[in-house]
Amino acid sequence: MNTVATGATVESPMSAGRLRKLQTLGIFCGVVAGAWLGGAEAPIKMVNPDVSPITVSLIMVFGVFLARWSVPALVRGTSSVRYDVSQAPHLVVWAVLAGCMWAAANTLTIHAIRKVGLSIAFPLWNANSLLGIFWGFLLFNELHHAGWKRWVGVLGGAAAMFAGATLLAFASSSQAPPGKGMLGVIAALGAGVLWGTMYIPYRKAYLTGMNPLSFLTFFTVGELVTMIALAVGYKGGTALWQELMSARSMLFWLMLGGFVWVIGDLFQQYAAKYVGISRGIPLSNTNQLWGLLWGILVFHELQGGNRTVYSQVIGGSVLMGLGALAIALSSASEREHSSWRDAAQREGQRYGVEDGYVRAGMEGREFERGGKRRTLIDGILIAASTAVFIVLAAVARVPRMDMHLTWAAALAAAMLVLLVSCGITLWRTTGFR
Amino acid sequence: MAKDETGRESASRFRIIATDIHFWIPLLVFVAGLVLLHELR
């Protein structure tokens, strides 16, 4: 049930039961994030490979932008976003900065995949979770007083997932054109460092009590502005516009990919909030597993592969699953959580944020004066986003592809079941706080 | 707008941000990423 934290109640420490509930919720969110982030690859696979990667990325970001302004309006109303910003206005800076980092990291990833192929780019990219663990420990007291078993669980789990990601990436690359060049490795490493460091703003915002829905609203501004600047800088305005026009029958699929990606990202944010970046990020990195499932079952990738390829797929999947399980079983203890509270208190004092607001955010409770009123603006945002998708769907062309529709329906149904069950749990436990 | 104990507003908030390591680490990494992107063009 939703509860309202008053100034008096937030003073008392969180009960062990509530902490366990939030930790389980955060882990659930991480798993759902993996499914939806991986599923976002499916619509993108339907797009003609002639469209340049930078344009693909830009159109996806447009879809992301629409989703990130309409989903918060639908779930909690823009008044709650305004309220969050009024409580901790400094976090807008970090939200925009994180968005800028995302755009640069995504473009570097595209470079890396083109230059060295998936087999090298993806494992290096996946290393971002190890950097996330490092920053979480160094800056936000994560894994402090955690005990050696949890350390082994988190680090061992992340290492197993890294090894699994390497195997899966090698299997995925068996049909990809061979890549070359040290620059590609540097690009992949650079992307990993950018993704991994992007979690600093995430954790800072959620320790201070900001709602992930509010954070995302500003994140996407940095993301869109940087992506437009990069795309215009790379291609020039005229060439970019011409490519957008010639690809208009594919815009819907790319923007749909962006929309699906936002749902995954939203759950990743809740995971980062409730289990920290050291657990939430590795769990959501299981997206590689889901992407591979879509590729193999729906798009007939790896067909006719040799025994080595199938061994890599099975071995990589098992390793990723075991790594995720190890992390899921290493949730924060009461002692570790008290260290998180110390970090949150430090943030609150530094920026003059009300203590009750910070604590209520950490405990997933509504702060007493939180605005949740829906306004006309919410309706306009939702209607405008829906209209854009309807118009693009009307001019979209279904590409001629050999797809296994039964598997596509089964995977989409699995994603929906995860979304609804986690959404209901999130609502009942925190009211989407 | 939330105020701290001494009632300081935006100006001092920017000063606090400017001395926050949590701001400089991501910013420097972002700038390095842009430089790398430029080299890759």
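Residues numbered from 1 in each chain as written. Chains lettered and ligands numbered in written order. Predicted model: local features only at pLDDT ≥ 70, side-chain atom pairs only at ≥ 80, totals over all residues.

Chemist: Just checking my understanding: could you explain the overall build of chain B for this structure?
Modeler: A count of helices and strands for chain B gives two helices and zero strands. Residues counted as buried form 15% of the 41 residues belonging to chain B. (Helix = DSSP H or I, 4+ residues; strand = E, 2+ residues; numbered from the N terminus. Buried ≥ 20, exposed ≤ 12 C-beta atoms within 10 Å, placed from the backbone.)

Chemist: Whenever I open this one, the overall build of chain A confuses me. Can you help?
Modeler: When helices and strands are tallied, chain A shows 19 helices and two strands. Taken over C-alpha atoms, the radius of gyration comes to 21 Å for chain A, in line with the 22 Å a tight globule of 433 residues would show. Projected onto its principal axes, the C-alpha coordinates of chain A cover approximately 60 × 50 × 40 Å. Scored against the burial criterion, the 433 residues of chain A give a buried share of 57%. Considering only contacts in chain A between residues 6 or more positions apart, those separated by 24 or more positions represent 93%. (Rg over C-alpha atoms; globule rule 2.2 N^0.38 Å. Contact = placed C-beta atoms within 7 Å.)

Chemist: Any chance you could explain the interface of chain A and chain B here in plain terms?
Modeler: With 32 residues of chain A in contact, the opposing surface of chain B contributes 20 residues. Contributing elements (two or more residues each) for the side of chain A that touches chain B: α4 (78–87), α5 (91–116), α9 (182–208) and α16 (334–351) of chain A. Across the side of chain A that touches chain B, the residue classes tally to 21 nonpolar, eight polar and three charged. (Nonpolar A, V, L, I, M, F, W, Y, C, P; charged D, E, K, R; others polar.)

Chemist: Would you mind going over helix α13 (residues 277–284) of chain A with me for this structure?
Modeler: Along an α-helix, residues three or four positions apart point the same way, because every turn accommodates 3.6 residues. With eight of eight residues buried, α13(A) lies mostly within the body of the structure. Every buried residue belonging to α13(A) is among I277(A), S278(A), R279(A), G280(A), I281(A), P282(A), L283(A) and S284(A), and all of these are buried.

Chemist: What is the right way to read the confidence of the model for chain B from this model?
Modeler: Residues shown with low pLDDT carry predicted positions that ought not to be read at fine detail. Residue and element names in this part refer to chain B. Considering every residue of chain B, the mean pLDDT works out to 81; 76% of them sit at 70 or more. Between residues 1–6, whose pLDDT stays under 50, and residues either more than four places distant or in other chains, the model counts 14 contacts. Scored by ipTM, the complex comes to 0.84, with pTM at 0.84. (pLDDT = per-residue confidence, 0-100.)

Chemist: Would you mind showing me how to read the nonpolar core here?
Modeler: Nonpolar side chains in soluble globular proteins tend to end up buried together. Residue and element names in this part refer to chain A. In terms of nonpolar packing, the biggest core is built from 140 residues, with C29, W36, M101, L194, L254 and F267 touching the most fellow members. For this core, the element with the highest residue contribution is helix α12 (residues 251–275), accounting for 18 residues. With residues near it in sequence (within four places) discarded, L254 still touches P43, I44, V47, V56, I59, M60 and G63. (Core = buried A, V, L, I, M, F, W, Y, C linked by C-beta atoms within 7 Å.)

Chemist: How should unusual backbone geometry be read in this particular structure?
Modeler: Phi is mostly negative for residues that are not glycine, and the peptide bonds are mostly trans. Residue and element names in this part refer to chain A. If you check the backbone angles, H145 has positive phi at about 55° while not being a glycine. Among the secondary structure elements, H145 is positioned in the loop between α7 (128–140) and α8 (148–172). Unusually for a residue other than glycine, F432 sits at a positive phi of about 60°. Secondary-structure assignment places F432 in the segment after α19 (405–430).

Chemist: Explain the packing of α7(A) against α9(A) to me, please; I cannot follow it from the model alone.
Modeler: The packing of two helices is summarised by the inter-axis angle and the distance between the axes. Residues and elements named next belong to chain A. Closest axis-to-axis distance for the α7/α9 pair is 8 Å, and the angle between their directions is 40°. Regarding the angle of α7 to α9, the classification is oblique. When the axes of α7 and α9 are compared, the crossing they make is right-handed. Between α7, through N128, L131, G132, W135, G136, L139 and F140, and α9, the contact on the second element is made entirely by G192, V193, W195, G196, T197, Y199, I200, R203 and L207. (Axes fitted to C-alpha atoms, helices over the stretch in contact; angles between N-to-C directions. Parallel < 35°, antiparallel > 145°, perpendicular 65-115°, else oblique. Left-handed = near helix turned anticlockwise from the far one by under 90°.)

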